[in-house]
Amino acid sequence: MATHANRAPAHRPAERICYATGAALVASGLLHLVVFGVDGGPWNGPVSWRKPITFGLSFGLTLMAITWVTSYLKVGVRVRDTLLVVFAADCVLEVAGITLQAWRKVPSHLDMETAFNSVVSMSLAVGGGILVALLTSFAVVSFRKRPSGPTGMPLAVRTGFAVLLVALASGAAMIARGVVLTRTGHQEAAYRSTAALKPLHGVGLHAVLVLPALAWLMSRTAWSDRLKMRVMYAAVGCYVAAVLASALWAAVTY
C-alpha cells in the first residue's frame, strides 16, 4: 500500500488528466456565465443557463479537490489513479449532458417527454450513482486508515468526506423524489421538488475542498500545532452547523 510519504511524485499522468479536466469544466462554467450575460433568460427553473454554469464550476472544483485530497489517503497508487480517471470521465458526462440540454432549451433532469430526453436524464442518473459509489469508496478509505498530512489535515479530510456523503444523499433524495413524481404524472411538481434540498446539497459538496485547504494554509504558518487544531475544530464546527441549518430548512420546506 502506498502512503502520502512514499507515493510516486505528484502530478502523475492520471493526476494531470484530472486537474486538466477539472480546469476545463470550470472554464465551461465561466463560459456559460458569459452566455447568460449575453442571452439572458431566467436564473431559476428547470431550463436555465444557471445549470451549466453551476454544474461546470461545481464539478470542476470537486474533481480537482478530490484529486488533491485523495493524495493524503492510504490507498494503492494504481487503485487511486483508476478511480480518479473514472471519476473524471463521469464528471465530464454529467456536465456534458446538462450543458447539451441547456443549449437545447429543455430540462436536463427528470425530463421524460421524449425518448432522447429520457436517455439523457437516465444517463445523468446513472452517472450520479457512479459518482456516489466512487466518492463513498474514498470516504471509507479515509475512515479505515488515518489520512496523512500536516496538522489538522486528517480531521479535515475525514470531515470533508463525511459532509460530502450528506450532500450526495441529499442529491439522491432529490432525484428519487423527482422520478417518483414524474412517473406518477406530476412533471411540474417534480421540477419544484428539488428546491428544498438544494442548499443542503450545495453547502455539503465543498467541505472536502474548504477544510483541507484551511489545513494546508495553516501548515504554511508558524502557528503551534495546538492553535492549528483549535482553528480546525472551530472550522469543522462552523461547517457542521451550516449543514445542520440547511438540513433543518430542508426538513421544514420539503
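The shown structure was predicted, so the numbers you read here are calculated from the model rather than taken from an experiment. (Residues numbered from 1 in each chain as written. Predicted model: local features only at pLDDT ≥ 70, side-chain atom pairs only at ≥ 80, totals over all residues. Heavy atoms only, no water.)

Draft legend 1. View of the overall build of the protein. Per the secondary structure count, the protein includes nine helices and zero strands. Looking at the 254 residues of the protein, the share that counts as buried comes to 44%. A fraction of 73% describes how many contacts in the protein between residues 6 or more apart in sequence connect residues 24 or more apart. Of the accessible surface of the protein, which amounts to about 12,200 Å², a share of 71% is contributed by carbon and sulfur atoms. (Helix = DSSP H or I, 4+ residues; strand = E, 2+ residues; numbered from the N terminus. Buried < 20%, exposed > 50% of the residue type's maximum accessible area, 1.4 Å probe, protein only. Contact = heavy atoms within 4.5 Å. Areas by Shrake-Rupley, 256 points an atom, 1.4 Å probe, with all protein chains shown as cover.)

Draft legend 2. Geometry of the packing of aromatic side chains. All chains considered together, the criterion is met by four aromatic pairs. Relative to W103, the ring of W49 lies with its centre 4.8 Å away and its plane at 70°, an arrangement referred to as edge-to-face. Here W49 is found in the loop between α1 (13–39) and α2 (50–69), whereas its partner W103 is found in helix α3 (residues 77–103), with 54 residues between them in sequence. (Phe/Tyr/Trp six-rings, centres within 6.5 Å; stacked < 30°, edge-to-face > 60°.)

Draft legend 3. Main features of the pattern of salt bridges. Taken as a whole, this structure holds four salt bridges when the rule is applied. Residues D81 and R12 are paired through a salt bridge, measuring 2.5 Å at the closest nitrogen-oxygen approach. Of this pair, D81 sits in helix α3 while R12 sits in the segment before α1, placing them 69 residues apart in sequence. Take D81 and R12: they sit in the same class, and that class is buried. Measuring nitrogen to oxygen at the nearest pair gives 2.9 Å for the salt bridge that ties E15 to R80. With E15 in helix α1 and R80 in helix α3, the pair connects residues that are 65 residues apart, well separated along the chain. For R80, a relative accessible area of 3% corresponds to the buried category. Via salt bridges that share partners, R12, E15, R80 and D81 belong to a single interconnected network. (Salt bridge = Lys/Arg side-chain N within 4 Å of Asp/Glu carboxyl O.)

Draft legend 4. Local environment of the environment of F116. Turning to its location among the elements, F116 is positioned in helix α4 (residues 115–144). According to the relative accessible area criterion, F116 is partly exposed, its value standing at 42%. In contact with F116, not counting residues within four places along its chain, are L100, Q101 and R104.

Draft legend 5. Seen up close, the nonpolar core. Counting residues in hydrophobic clusters, the biggest one holds 42 residues, and the most contacted among them are I66, F87, C91, F161, L164 and L211. Residue contributions to this core peak at nine residues, all from helix α5 (residues 153–183). (Core = buried A, V, L, I, M, F, W, Y, C linked by side-chain atoms within 4.5 Å.)

Draft legend 6. The confidence of the model for the protein, seen in detail. In the predicted model, the protein carries a mean pLDDT of 87, and the fraction of residues at 70 or more is 87%. Mean pLDDT values for the elements of the protein range from 61 in helix α6 (residues 187–192) up to 96 in α1. Segment residues 1–9 is flagged for pLDDT under 50; beyond a separation of four residues in sequence, or across chains, it makes 20 contacts in the model. (pLDDT = per-residue confidence, 0-100.)

Draft legend 7. Just the packing of α2 against α3, in detail. At a minimum axis separation of 9 Å, α2 and α3 run at an interaxial angle of 175°. Classified by the angle between their axes, α2 and α3 sit roughly antiparallel to one another. Contacts from K51, P52, F55, G56, F59, T62, L63, I66 and T67 of α2 reach α3 at R80, L84, F87, A88, C91, E94, V95, I98, T99 and A102. When grouped by side-chain class, the residues that make up the contact of α2 with α3 number 12 nonpolar, four polar and three charged. (Axes fitted to C-alpha atoms, helices over the stretch in contact; angles between N-to-C directions. Parallel < 35°, antiparallel > 145°, perpendicular 65-115°, else oblique. Nonpolar A, V, L, I, M, F, W, Y, C, P; charged D, E, K, R; others polar.)

Draft legend 8. Representation of the packing of α2 against helix α8 (residues 207–219). Look at α2 against α8: their axes get within 9 Å of each other, and the N-to-C directions meet at 50°. Judged on the interaxial angle alone, α8 and α2 are oblique. Here α2 and α8 pass one another in a crossing that is left-handed. On α8, the residues touching A65, I66, W68 and V69 of α2 are V208, L209, P212, A213 and W216. (Left-handed = near helix turned anticlockwise from the far one by under 90°.)

Draft legend 9. Representation of the side chain of T99. Mapping T99 onto the fold places it in helix α3. T99 sits in the buried class, given a relative accessible area of 13%.

Draft legend 10. Structural context of unusual backbone geometry. Not every positive phi belongs to a glycine, and K105 is a case in point at roughly 65°. Within the secondary structure, K105 is located in the loop between α3 and α4. K105 gets classed as partly exposed once you look at its relative accessible area, which sits at 45%.

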